[in-house]
Amino acid sequence: MSTPVNQTLLLLDIERYSDRTDVEQAYLRRMLYDIADGTLAAASIDESQRKRADRGDSVMELIDANASVSALLRALITELPLQLRATNQRASSSAQIRLRAVLSTGYVAVDDRNGWVGSDLNHACRLLDAKLLRSALRERSDDFALCVSDSVHQGIVRHGHPGIRPEDFRPITPESKNGPLSAWLYGPLPSAGAAPADAATGTPPVTPAGQAGLGSVHVMGDQYGVAGGTVHGGANFTFGHRPGGNR
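Conventions adopted
- Residues numbered from 1 in each chain as written.
- Predicted model: local features only at pLDDT ≥ 70, side-chain atom pairs only at ≥ 80, totals over all residues.
- Heavy atoms only, no water.
- Salt bridge = Lys/Arg side-chain N within 4 Å of Asp/Glu carboxyl O.
- Buried < 20%, exposed > 50% of the residue type's maximum accessible area, 1.4 Å probe, protein only.
- Helix = DSSP H or I, 4+ residues; strand = E, 2+ residues; numbered from the N terminus.
- Phe/Tyr/Trp six-rings, centres within 6.5 Å; stacked < 30°, edge-to-face > 60°.
- Core = buried A, V, L, I, M, F, W, Y, C linked by side-chain atoms within 4.5 Å.
- Axes fitted to C-alpha atoms, helices over the stretch in contact; angles between N-to-C directions.
- Left-handed = near helix turned anticlockwise from the far one by under 90°.
- Contact = heavy atoms within 4.5 Å.
- Nonpolar A, V, L, I, M, F, W, Y, C, P; charged D, E, K, R; others polar.

1. Here we look at the pattern of salt bridges
So, point 1. Considering all chains together, one arrives at 14 salt bridges under this definition.
So, point 2. The partner of Arg-50 in a salt bridge is Glu-47, and the shortest N-O contact between them spans 3.8 Å.
So, point 3. By relative accessible area, Arg-50 is classed as buried at 4%.
So, point 4. Using a relative accessible area of 34% as the deciding quantity, one classes Glu-47 as partly exposed.
So, point 5. One salt-bridge network, held together by shared partners, links Asp-37, Glu-47, Arg-50, Arg-52 and Glu-61.

This is how it looks when you write it as structure tokens:
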């Protein structure tokens, strides 16, 4: 296994993917790849700076730490919703695509089977599958819910870089099998199962664990699995192939 290297992590997941027909799933996967590619291109992140892992109903991008995180976050806030809207305007009612996203940073190693390993990656995956983020998406009219890790908030959001408003992010502590997770939700908190931070301490409350999410995900390797929205073990992801790409 290689030495862990600091990377930027972008995770995108399709809501209610497993409820669709095979034809609809194939269409949604193509649209997910197109949206991810377009968002990264808008952030001036080229092919040489990224690697992709395919999780069936979602993708994960491992991005070189030298790429601009602030540019990527701006693209997620502005460009991705525009692409979603354009895609859904062309699609039938049964092929609408709604996305959850997590932007994080941390140390990730690549093992001898070209898989990804790291506790920071585990944390990002658990945020993606958190009930609170799923609830936020259900209440969004723009078909998109985004949360960022503490590291992204501390390094980028709180400084108010152009196009990134700190007041648009709310602290959250969604529950996971390994305890509460600390992150920041872009946009309003969901009305159910969430409350604002304590006025005296500024500490957000812990939301209850709740029921597991929809669908299941199977990832190559024996160290990680997701089933029904619950994460098991550590992460070990094998790279997928981008349609029309070289990875």
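2. Some words on unusual backbone geometry
So, point 1. We note that Ser-44 has phi near 60 degrees; this positive angle belongs to a residue other than glycine.
So, point 2. Mapped onto the elements, Ser-44 comes out in the loop between helix H1 (22–42) and strand E2 (50–54).
So, point 3. The class for Ser-44 is exposed, based on a relative accessible area of 62%.
So, point 4. If you check the backbone angles, Asp-143 has positive phi at about 70 degrees while not being a glycine.
So, point 5. Within the secondary structure, Asp-143 is located in the loop between helix H4 (131–138) and strand E6 (144–149).
So, point 6. Overall, the relative accessible area of 16% leaves Asp-143 in the buried class.

3. Things to note about the packing of aromatic side chains
So, point 1. Throughout the structure, instances matching the rule amount to one aromatic pair.
So, point 2. For the pair Phe-169 and Tyr-186, a centre-to-centre distance of 5.1 Å together with 55 degrees between the ring planes defines the contact as tilted. Here Phe-169 is found in strand E7 (residues 169–172), whereas its partner Tyr-186 is found in strand E10 (residues 183–186), with 17 residues between them in sequence.
So, point 3. Residue classification places Phe-169 among the buried residues on the basis of a relative accessible area of 4%.

4. Focus: the nonpolar core
Taken as a class, soluble globular proteins show a tendency for nonpolar side chains to be buried jointly.
So, point 1. Leu-72, Leu-73, Ile-97, Leu-99, Leu-103 and Val-148 are the most contacted members of the largest nonpolar core, which has 41 residues in total.
So, point 2. Mapped onto this core, the elements with two or more residues apiece are strand E1 (5–14), H1, strand E3 (58–64), helix H2 (69–90), strand E4 (99–110) and E6.
So, point 3. Here this core takes nine residues from H2, the largest share from any one element.
So, point 4. Counting residues in hydrophobic clusters, the runner-up holds 23 residues, among them Leu-133, Ala-136, Leu-137 and Ile-172.

5. Considerations on the environment of Glu-47
So, point 1. Examined against the element boundaries, Glu-47 turns out to sit in the loop between H1 and E2.
So, point 2. In this structure, the C-alpha to C-alpha distance between Glu-47 and Asp-37, residues ten residues apart in sequence, is 9.2 Å.

6. Structural notes on the packing of H1 against H2
So, point 1. Running from N to C, H1 and H2 cross one another at 145 degrees; their axes reach a closest spacing of 9 Å. Note that H1 runs across H2; the crossing there is right-handed. From H1, Tyr-27, Met-31, Asp-34, Ile-35, Gly-38, Thr-39, Leu-40 and Ala-42 reach across to H2, where they touch Leu-72, Ala-75, Leu-76, Glu-79, Leu-80, Gln-83, Leu-84 and Thr-87.
So, point 2. The residue inventory of the contact of H1 with H2, partitioned by class, reads ten nonpolar, four polar and two charged.

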